[in-house]
Each structure stands twice: as structure tokens, then as C-alpha cells.
Amino acid sequence: MALTYPHFLLNFKLYEGTAGADGLELARTIETVQRRTGATFAVAPQTPDIYRIAEATALPVVAQSVDALAPGRGNGQVSLPAVAEAGAAGVLVNHPESPAQFGEVGDIVAACAEYGLESIVCVDSIELGRAALTFDPDCLLFENPADIASDCALARTEPERVDAFVSMVESENPATRVLLGGGISTAADVAASLDHGADAAGAASAFVDADDREAWLTAIADALTRESGTAEDDR
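Residues numbered from 1 in each chain as written. Predicted model: local features only at pLDDT ≥ 70, side-chain atom pairs only at ≥ 80, totals over all residues. Heavy atoms only, no water.

1. A few points about the pairing of strand 1 (residues 8–11)
The side chains of a regular strand alternate, first on one face of the sheet and then on the other. The cut-off we apply is this: Only protein chains enter the accessibility calculation, which uses a 1.4 Å probe. A residue is then buried if its area is under 20% of the maximum for its type, exposed if over 50%, and partly exposed in between. Helix numbering and strand numbering both begin at the N terminus, where a helix is a DSSP run of H or I of at least 4 residues and a strand a DSSP run of E of at least 2. Here a strand pair is declared whenever DSSP counts at least two bridges between the two strands. If you view a crossover with the strands going away from you and the path from the first strand over the helix to the second runs clockwise, you call it right-handed.
On strand 1, burial covers both faces: Phe 8 and Leu 10 on one face and Leu 9 and Asn 11 on the other are all buried. Bridge count for strand 1 against strand 2 (residues 41–44) is four bridges, and the pairing is parallel. When the sheet's bridge partners are listed, Asn 11 is paired in strand 2 with Ala 44. Handedness of the crossover is the feature at issue here: the chain leaves strand 1, passes through helix 1 (residues 20–37), returns alongside strand 2, and the resulting connection is right-handed.

So, in C-alpha cells, the structure goes:
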């Protein structure tokens, strides 16, 4: 299932209760809310579960990370052809918790294009974002690493920084989308992210730690569909 915008990306990372059958149950909860609300969600499960979730649900699946290797030697590493064959729709590249050498980013983005996968390159500054745009990624995930697993969403704490980043992307490579992450924990954060020009948003711990995950997802879905409808009205 291909990625469409706007969407909300849910990253399972390595959180307890997100692997195997538990991870599939979480994905099915996400899918239930997606069907009921019409909002679009994507999920980044633990790597062994990419195939399981891609096969069992209609959710777009994003690989948390891949290694910049050609097929062949590389014991224990994750190849891009393998995640493509498993059913992934996209790949997170250079996430703060699994960083890549900058020279490898371009190789991974090019390989994503070859295999029909969405490349989502993680950056933490306007300068790094501008440099990453030279690789022509499909999407830049902009976040402050210090905000991860906090409640300090950039669109709320530093909206002017988000505005500047979005303006830079629109000027340098308008075909590239912007996804905001890091500290997004409420529907208001999602609405603010889209209001400030982001095409998507995402979270990890806020979803995993929610007391009522379905209710939390429903609130996020409402913000996504409301802001999407507003953008269409503005056009």
C-alpha cells in the first residue's frame, strides 16, 4: 500500500508489546480507526513484522531503517530489496536513533526510487534539510531529536522554525513532502503541524503509551481529516 498525504506515521520502534502478534493487534486497531474515520495512517513496525503487517492489513508499512548495502555479504544487516519484497511502502533514512553516514543517504534514496519505495529522510535543521534535498528524497522528516518522547512538538514550541523549514523545502525542491515528528502527542499538535505547512506528522511513544489507544487515534484522525478538508477548501 503506497503512502498518501496527509497521513500520520506511527513508529513502533522497539517498544514492549509492539512485536509479533502484539504488533499485528496494534496495526489492526490502527486500521479499524482508519476505516471508520477515513484518515490515513502508516505504521513503522519492528523489521521482522513488516511482512506480517503488510500482508494482514491495508496499512502502508514503513521500514524503520535499512543498510546501504548491495546484495551479497552483510550478515545481520537489513537490505532494501528485502524490505521491498516484504511489502514495505517506504523507508525511514537517517533516523536519530539509527543514523546513517550522510554519504549513504544518497545511495539509499536512489535505491528507494529503484525499488518503488518512498524515501523519508530524517533531518534536524534547515541546513541538513537543504543538503538532503540534493538527493531528491520523497519526504523529509523534520524533528528536534531532544523532543523525541516528550510533549514538545515543534509546531507548538517553535512554529517559526517549522515555517522556515517548510519555506526552504518549497523553494529548493517543492516535490518533496514534509513530515513533522518529535514530541507530537495530541490532536492539537497534528493540527498545528498541518497549519504550518507540513504534509504529514508522526509519533511513537504517545501512541504506545496512550491509556486508550483507539480513542487517541480517533482524535488524531479527526485532526487529520479536518485539516485536510480545510486545505481542500482553501484551494
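2. Some words on the sheet that holds strand 2
Sheet strands pair via backbone hydrogen bonds, and the direction of the pair is either parallel or antiparallel. Stated precisely, the cut-off is as follows: Only heavy atoms enter the contact rule, under which two residues are in contact if any of them lie within 4.5 Å. To obtain each axis, a line is fitted to C-alpha atoms, and for helices this fit is confined to the stretch in contact; angles are then taken between N-to-C directions over 0 to 180 degrees.
The sheet built from eight strands is open, its strands ordered 2-1-8-7-6-5-4-3 with parallel pairing. In this open sheet, the two strands that pair with only one neighbour each are strand 2 and strand 3 (62–63). With three bridges connecting them, strand 1 and strand 8 (residues 200–203) associate as parallel partners. Paired with Leu 9 across the bridge in strand 8 is Gly 202. Each of strand 5 (118–123), strand 6 (139–142) and strand 7 (177–180) touches helix 7 (residues 159–172); the most contacted strand, strand 6, lies at about 165 degrees to it.

3. Considerations on the pattern of salt bridges
The cut-off we apply is this: Counted as salt bridges are all cases of a side-chain nitrogen of Lys or Arg within 4 Å of a carboxyl oxygen of Asp or Glu.
With the rule as written, the count across this model stands at eight salt bridges. With a closest N to O distance of 3.1 Å, Glu 97 and Lys 13 form a salt bridge. On the criterion of sequence distance, the pair formed by Glu 97 in the loop between strand 4 (90–93) and helix 4 (102–115) and Lys 13 in the loop between strand 1 and helix 1 is long-range, its members being 84 residues apart. On the basis of relative accessible area, Lys 13 is assigned to the buried category, the value being 10%.

4. Some words on the nonpolar core
Selection rule: Only buried Ala, Val, Leu, Ile, Met, Phe, Trp, Tyr and Cys residues count toward a nonpolar core, and they belong to the same one when joined by side-chain atoms within 4.5 Å.
Grouped together as the largest cluster of nonpolar side chains are 63 residues, with contacts concentrated most on Phe 8, Ile 30, Phe 41, Phe 207 and Trp 216. Considering each element in turn, this core owes the most residues, six residues, to helix 10 (residues 213–234). The contacts of Phe 207, once residues within four sequence positions are left out, are Leu 10, Phe 12, Leu 26, Ile 30, Arg 213, Trp 216 and Leu 217. Counting residues in hydrophobic clusters, the runner-up holds 14 residues, among them Tyr 5, Leu 9, Ala 42 and Ala 44.

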